[in-house]
Amino acid sequence: MSIDLRITGGTVVTPTGTITADVLVADGRITGLISPDTPVADARRTVDATGKLVLPGMVDVHVHTREPGFTHKEDIHTTTLQAAAGGVTTIYGMPNLNPPTTTAKHLQDVLDMYAASSIVDYNHNPAATVADEIEPMVALGVNSFKIYMVVDTGRTYPHPAGTGMHGHGDLLRMMDTIAATGTRFIIHPHDQHLMDYIEGEYLARGDNTPQGYAQAYAARNGVIWDTAIEVVLRLAEASGCKIHLAHMQTRRSVEAVQAARARGVDVTCEVNHWLPFLSTWDDVERLGPYALSYWVPDDARAAIWDALRDGTIDIFASDHAPHTREEKEIGWTEMWSAHTGTPGIQYFYPLALDAVNTGQLTLQRVVDLVATKPAEHFGLEGTKGRLLPGHDADIVIADMDAPWIISDSGALSKIGWTCYDGRSCSVRIERTFVRGTEVYADGEVTGRPGHGQLARGR
Ligand SMILES: [Zn+2]
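For the structure given in this document, a descriptive report is provided here. Just so we're clear, the structure is a prediction, and the values are computed from it rather than from any experiment.

The rules behind the values
Residues numbered from 1 in each chain as written. Predicted model: local features only at pLDDT ≥ 70, side-chain atom pairs only at ≥ 80, totals over all residues. Heavy atoms only, no water. Axes fitted to C-alpha atoms, helices over the stretch in contact; angles between N-to-C directions. Helix = DSSP H or I, 4+ residues; strand = E, 2+ residues; numbered from the N terminus. Parallel < 35°, antiparallel > 145°, perpendicular 65-115°, else oblique. Left-handed = near helix turned anticlockwise from the far one by under 90°. Contact = heavy atoms within 4.5 Å. Buried < 20%, exposed > 50% of the residue type's maximum accessible area, 1.4 Å probe, protein only. Pairing = 2+ DSSP bridges. Salt bridge = Lys/Arg side-chain N within 4 Å of Asp/Glu carboxyl O.

1. Overview of the packing of helix α5 (residues 192–204) against helix α7 (residues 219–239)
In contact at an axis separation of 10 Å, α5 and α7 are set at 150° when each is read in the N-to-C sense. With respect to α7, the element α5 is oriented roughly antiparallel. Considering how the two elements wind past one another, α5 and α7 form a crossing that is left-handed. Taken together, the residues of α7 that come into contact with α5 (itself represented by Leu194, Met195, Tyr197, Ile198 and Glu201) are Ala219, Arg220, Val223, Ile224 and Thr227.

Put into structure tokens, the structure is as follows:
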């Protein structure tokens, strides 16, 4: 067999531990992990990874590409420039687009856009609001659906008409529909009626600040999250639907997931980039609207870190959510009018590896969180998320001792800013390969639009 690529001398992180091995790649797949002194004829290219880590690429199941509909913020090409630079080799796009991804026709259009523009592999999380569209969308290759538990107001942004569902009967009916397909149902947990009351108190006293907004979403130990999560988990138990919870950020939600699993509910859950790296009160004070997303109080953050370490939380996903400076600036005085969410796909993996250097997570946990578990639970078994023979050669080479400073000038997002500007990071992504093709090397994105393919399991 002729070998296209041999990555030599690195420390390879497999699902069961690290080994010193050379990685052999042919036809886009890993064909072997061999001892570095084993001679192999015909390796067309050799890359020296001595002293470096050889890791699986991140499978990021929560990415807002903004295309179609909001391409003044971002598009598929610019999203995947950042993915390549950040060691992300598969993205799952989100449905709050214009048109929102609610039908097989809209889904096919979006998949065509990825095929033309994406540098890395991709899949998509359509909105599950039209029962008759679920099976046709599964037939197009998706592994998961998404809804926001918001009251559908018909606004175009951030939760466009057709992407919200909050009635318990509607949720159970949709879970029955999705359960029949074996795919996973991603829920953004939210209790709009509670939130109307809570935020009404802030707005009634004229508090429209980032601090007020931050406190409102975390109010009463996160009651708007916890009540929604309890309902979702109970309905998952009643339907047998596989559930994925976005935005884990309260202590009670961790306990709820543990209890549901003990009852046999198939629930996975994610933490997004801003929680471990950007959600202290100091961040809210300093960055205001640019830091929000959400504020996570210290006690809740401690519970989430524990749950990341013990495996209760099984997935890291960026929730990359870019907005222009103009859309953010208004938030200093009118936070409830600002677009919330922050860009993060370019820096998540290096910052997660930095957390290994600071002792907050083990290397094995990080690889589980960014690659092994998302691939396993989002339909990519046998292809993605593991550096093992037979899997796609989605490979990242990282230097764990290469300090640098994150800056706006290096951000590849269309919006030209990063909430991590000025932050130091001890880990550098040196190279990224997607199915054996180098898409990022030494500071330059080398992959081309159209290289990405629809990510499927085998
Ligand atoms: Zn999101």
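2. Examining unusual backbone geometry
Geometrically, the link from Glu67 to Pro68 is a cis peptide bond, its omega value of 5° lying close to zero. Along the chain, Pro68 turns up in the loop between β8 (58–63) and α1 (76–85). With an omega of 5°, the peptide bond between Asn98 and Pro99 qualifies as cis. In this structure, Pro99 sits in the loop between β9 (88–93) and α2 (104–117). Located in the positive-phi region is Asn221, a residue other than glycine, with phi close to 55°. Here Asn221 is to be found in helix α7. By relative accessible area, Asn221 is classed as exposed at 71%. Here Asp442, not a glycine, exhibits a phi torsion of approximately 50°, which is positive. When you line up the elements, Asp442 lands in the loop between β20 (437–441) and β21 (444–445).

3. Looking at the pairing of strand β11 (residues 144–148)
Burial runs high along β11: five of the five residues are buried. Neither face of β11 is exposed, since Ser144, Lys146 and Tyr148 on one face and Phe145 and Ile147 on the opposite face are all buried. Across five bridges, β11 lies against strand β12 (residues 184–188) in parallel orientation. Its bridge partner being in β12, Phe145 is matched across the sheet by Phe185.

4. A closer look at the pattern of salt bridges
Pairs can form between side chains of opposite charge once their charged atoms are near each other. Enumeration over the complete set of coordinates arrives at 28 salt bridges. Among the salt bridges present, the one from Glu327 reaches Lys73, with a minimum N-O distance of 2.9 Å. Remark: Lys73 occurs in the loop between β8 and α1 and Glu327 occurs in helix α12 (residues 325–329); sequence separation between them is 254 residues. We note that Glu327, like Lys73, is buried. Among the salt bridges present, the one from Asp121 reaches Arg435, with a minimum N-O distance of 2.6 Å. Of this pair, Asp121 sits in strand β10 (residues 121–124) while Arg435 is found in the loop between β19 (428–434) and β20, placing the two residues 314 residues apart along the sequence. In this structure, Asp121 and Arg435 share a single accessibility class: buried. Linked through salt bridges whose partners overlap, the residues forming this network are Asp121, Lys384, Asp392, Asp394, Arg435 and Arg458.

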